[in-house]
Structures are given as C-alpha cells and as structure tokens.
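# Descriptive structure summary
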Amino acid sequence: MTAVSASPWAHAAIEVRDVHLSDPLVEPLLAGLSVEYRARYHDLLTEEQHRAEMAHYAAEEFAPPVGSLVLLLADGEPVAGGAFRRRLEPELGEAARLARPDVRDADGVPAVPTAELKRIWTHDAHRRRGLARRVLAELETRARDLGYPRLYLTTGPRQPEAAGLYRSTGYTPLTAAAAGEPADPAEEQPFGPLPFEKWLTT
C-alpha cells in the first residue's frame, strides 16, 4: 500500500495578513484564480476577456477605507485569500428575494453601503480545511469595521462548491439557480453569475 505524503503546510500555523494588491504575496492568489477560471470557463471567455476580468479593478478599490484584501499564510506562503470593494454598479438577482425592498434604487444600484466580495481563493492543496470559511469571516469583520451593513457577491455557474459555501455561511441566494433550486422547464434559464447577499447588521 502506497503512503500518501501530507502537504508540507498541513500542520503549519495560519497567519492572517492584510495586504495591498501590489504585494508579491498576492501573485499566487491571482495565478490560482486564473487557472481555475480558465479550466472552468474556457469555452465561454476568450483569453482577452479573461485578462480583462482579472485586471478590471484598481488596487485602491481593495484597500481601506473602501475595501480590503486578506491572505492566509502558512509558513509565510499564501494558502487562501479574498477581498472586497464597494459595490457601486447595478446588482444581479431578483428583487423579491432581497431581505429588504429598499436595498436598491430604481436602477438596481445599492441604496445602502454594500461591500462586494471578490477574488475568494484557496490553494488546491489546502481545500476542505475550512480556510475559505475563515477568509469569509475575516472579510466580514473588516467590512463591518469599515461601516458596511451589507455584503454582495456573485460566483460562477460552474463553481457549485462556492455556491454551497455561501449558502452554508448565511448568504441569501438572489436567483433560483443560486439557491440550487431545480430549473423550471417552462422558463429560459440563462447561463450567468449566481448572486448572493448577506446583512451584517439587522
């Protein structure tokens, strides 16, 4: 019987570090996300569209006082991370599923300060260790500290693990697909992002 070697970081203490997008430690996060997106959406996004998505937001959007970028490090190496920015664009999702009807204006733009979670990542050698949940908890704490009462995010339709994580950590799905509900055969189900919200204050 062949022995399975453990990850070199399996028993390393986890350090939480706030970083800037330009920090070299962020590179593994961006590279890991890039590989993941290419693998899952290669038939939907061109190389140019993929590069544009990864470079879409300025570094200042993920820095206080409007945002944050957090890494979890094991022996100084990034093993998980995530970020948030202030959402100023119209949101996706059905208004009837929102916890509060006044959360958006007539154009769908958040009417209350809303932090949008982005770039949530876990190194593929460190999955199923609860690191993604810890990243979410760290981001939620920072968003609350910056005065955001509400969080919003989208994940891809080919990332069921992420959708399941958000549902299990208190995020409200804003479409039937995000909720994992069976599709209505009488209705067209467009292939698109799965939106969620979560209130940090009542």
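Look up a bit, the structure's there.
This section reports on the structure supplied with the text. (Residues numbered from 1 in each chain as written. Predicted model: local features only at pLDDT ≥ 70, side-chain atom pairs only at ≥ 80, totals over all residues. Heavy atoms only, no water.)

### Comments concerning helix α3 (residues 131-145)
- Across its 15 residues, α3 extends 21 Å between first and last C-alpha, which sits within 8% of the 21 Å expected from 1.5 Å per residue.
- Restricting attention to buried positions, one finds in α3 the residues Leu131, Ala132, Val135, Leu136, Glu138, Leu139, Glu140, Arg142 and Ala143.
- Two residues or fewer past α3, Gly147 is found with a positive phi of approximately 95 degrees. (Helix = DSSP H or I, 4+ residues; strand = E, 2+ residues; numbered from the N terminus. Expected span 1.5 Å × (residues − 1). Buried < 20%, exposed > 50% of the residue type's maximum accessible area, 1.4 Å probe, protein only.)

### Some remarks on helix α1 (residues 27-41)
- Relative to the 21 Å expected for 15 residues at 1.5 Å per residue, α1 spans 21 Å between its end C-alpha atoms, a close match to the ideal helical length.
- Within α1 the residues assigned to the buried category are Leu29, Leu33, Ser34, Glu36, Tyr37, Arg40 and Tyr41.

### Let's talk about the side chain of Arg142
- Structurally, Arg142 can be placed in helix α3.
- For Arg142, a relative accessible area of 16% gives the class buried.
- Not counting chain neighbours up to four residues away, the residues in contact with Arg142 comprise Val16, Asp18, Ser68, Val70 and Phe84. (Contact = heavy atoms within 4.5 Å.)

### Quick look at the pattern of salt bridges
- A full pass over the atoms with the stated rule returns 20 salt bridges.
- Close ionic contact of Glu161 with Arg40 constitutes a salt bridge, the shortest N to O distance being 3.0 Å. Pair noted here: Glu161 is in helix α4 (residues 160-168) and Arg40 is in helix α1, with a separation of 121 residues, a long-range link.
- Its salt-bridge partner being Glu89, residue Arg87 comes within 3.6 Å of it at the nearest N-O pair.
- Judged by relative accessible area, Arg87 falls into the buried class, the value being 12%.
- Salt bridges linked by common partners bring Glu61, Arg85, Arg87, Glu89 and Glu116 together as one network. (Salt bridge = Lys/Arg side-chain N within 4 Å of Asp/Glu carboxyl O.)

### Comments concerning the nonpolar core
- In terms of nonpolar packing, the biggest core is built from 27 residues, with Phe84, Leu117, Ala143, Leu151, Tyr166, Tyr171 and Phe196 touching the most fellow members.
- Taken together, the elements giving at least two residues each to this core come down to β2 (68-74), β3 (77-86), β4 (114-122), α3, β5 (150-155), α4 and β7 (194-199).
- For this core, the element with the most residues is α3, which contributes 6 residues. (Core = buried A, V, L, I, M, F, W, Y, C linked by side-chain atoms within 4.5 Å.)

### Here's the deal with the pairing of β3
- The buried count for β3 comes to 8 of 10 residues, which makes it a mostly enclosed element.
- Where β2 and β3 come together, 7 bridges link them in antiparallel fashion. Its bridge partner lying in β3, Val70 is registered against Gly82.
- Where β2 folds back onto β3 in an antiparallel hairpin, the turn is made up of 2 residues, including Asp75, whose phi is positive at roughly 55 degrees.
- Sheet analysis places β3 next to β4, joined by 6 bridges and oriented antiparallel. In the strand pairing of β4, Ala83 is matched with Lys118. (Pairing = 2+ DSSP bridges.)

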